[in-house]
Amino acid sequence: MTRSSESTARSAAARPRFTLDSNLLVYSVDLDAGARHQAALRIVDEAPDADCWLTLQSLSEFYAAVTRKRIMPPAAAAAQVEDWLAFFRSVAVTASAIRTALANAVAGRASYWDALLVATAAESGCTLILTEDMADGRRLGAVEIHNPFTRSGGLTARTRRLLEL
């Protein structure tokens, strides 16, 4: 192993595997989102170089949200999803993830869709989800929730460390 590959391997091992919720993907293309647009764009640009996996659920929610809110035309939104599929590793929902999500939703631990995102992410080995839609610092199973934005819309110190910024 070369010196640079040892450094890369150590760096990757020190950072948790994580995923992005659809709200971050939406902010990354929403020019009207102000500071959150810039911060989310930075996250999405840097995340493929980290151990970030996108759930097919988040990609689907992104497409539905940006076309419903008319942030992007359908063809442009589809092209963006295709680009992300090429740059990120992705994970699909399984029957096991659905069962886990249903159990968590019925128990009142999370909404069904949030629970499904967490269960799918967990199955791919993610231990962290970047989102502003769930309670920061909360854990659901082995997955921790982190809001990557400061109050002013910039990136938190933890997010900066995660992306090595």
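Please read these numbers as outputs of a predicted model, since none were measured by experiment. (Residues numbered from 1 in each chain as written. Predicted model: local features only at pLDDT ≥ 70, side-chain atom pairs only at ≥ 80, totals over all residues. Heavy atoms only, no water.)

Engineer: Give a description of helix 5 (residues 74-87) that names residues and reports values.
Structural biologist: Its 14 residues place the ends of helix 5 20 Å apart at the C-alpha level, agreeing with the 20 Å of an ideal helix rising 1.5 Å per residue. Every buried residue of helix 5 is listed here: Ala77, Gln80, Val81 and Trp84. All buried residues of helix 5 fall inside an arc of 100° around its axis, so they share one side. Relative to its buried face, helix 5 has exposed residues pointing more than 90 degrees away, namely Ala75, Glu82 and Ala86. (Helix = DSSP H or I, 4+ residues; strand = E, 2+ residues; numbered from the N terminus. Expected span 1.5 Å × (residues − 1). Buried < 20%, exposed > 50% of the residue type's maximum accessible area, 1.4 Å probe, protein only. Arc of directions from axis to C-beta.)

Engineer: Before we move on, could you go through helix 6 (residues 95-106) and cite the residues and values that matter?
Structural biologist: Compared with an ideal rise of 1.5 Å per residue, which puts 12 residues at 16 Å, helix 6 spans 16 Å between its outermost C-alpha atoms and is within 8% of the ideal. Considering only its buried residues, helix 6 is in contact with helix 7 (112-123) and strand 5 (139-140). Phi for Gly108, located one or two positions after helix 6, is positive at around 80°. (Contact = heavy atoms within 4.5 Å.)

Engineer: Describe the pairing of strand 6 (residues 143-146), naming the residues involved and giving the relevant values.
Structural biologist: Both faces of strand 6 are covered, namely the face carrying Val143 and Ile145 and the face carrying Glu144 and His146. With 2 bridges joining them, strand 5 and strand 6 adopt antiparallel strand pairing. Bridge assignment links Leu140 to a residue of strand 6, and that residue is Val143. Remark: 2 residues form the turn of the hairpin made by strand 5 and strand 6, two consecutive strands paired antiparallel; Gly141 in that turn has positive phi of roughly 65°. (Pairing = 2+ DSSP bridges.)

Engineer: Which residues make up the packing of aromatic side chains, and what values do they have?
Structural biologist: One pass over the full model with this rule turns up 3 aromatic pairs. Arranged with centres 5.0 Å apart and planes meeting at 70°, the rings of Tyr112 and Trp113 form a pair that is edge-to-face. By relative accessible area, Trp113 is classed as exposed at 53%. (Phe/Tyr/Trp six-rings, centres within 6.5 Å; stacked < 30°, edge-to-face > 60°.)

Engineer: Run through the side chain of Asn23, naming residues and quoting values.
Structural biologist: Position of Asn23 relative to the elements: it lies in helix 2 (residues 22-29). With sequence-adjacent residues up to four places away left out, Asn23 is seen in contact with Thr131, Glu132 and Asp133.

Engineer: An account of the sheet that holds strand 1 (residues 18-20) is requested, with residue identities and associated values reported.
Structural biologist: Read from one edge to the other, the open sheet built from 4 strands follows the order 1-4-6-5, with strand pairing classed as mixed. Looking along the sheet, the strands with just one partner apiece sit at the ends: strand 1 and strand 5.

Engineer: Describe the packing of helix 2 against helix 3 (residues 35-46), listing the residues and the values that go with them.
Structural biologist: One way to put it is that helix 2 packs onto helix 3 with a least axis distance of 7 Å and a crossing angle of 110°. In terms of orientation, helix 2 and helix 3 fall into the roughly perpendicular class. As for how helix 2 packs across helix 3, the hand of that crossing is left-handed. In contact with Leu24, Leu25, Tyr27, Ser28 and Val29 of helix 2, helix 3 contributes Arg36, His37, Ala40, Leu41, Ile43 and Val44. Partitioning the contact of helix 2 with helix 3 into residue classes produces 8 nonpolar, 2 polar and 1 charged. (Axes fitted to C-alpha atoms, helices over the stretch in contact; angles between N-to-C directions. Parallel < 35°, antiparallel > 145°, perpendicular 65-115°, else oblique. Left-handed = near helix turned anticlockwise from the far one by under 90°. Nonpolar A, V, L, I, M, F, W, Y, C, P; charged D, E, K, R; others polar.)

Shape descriptors only; they carry no functional weight alone.
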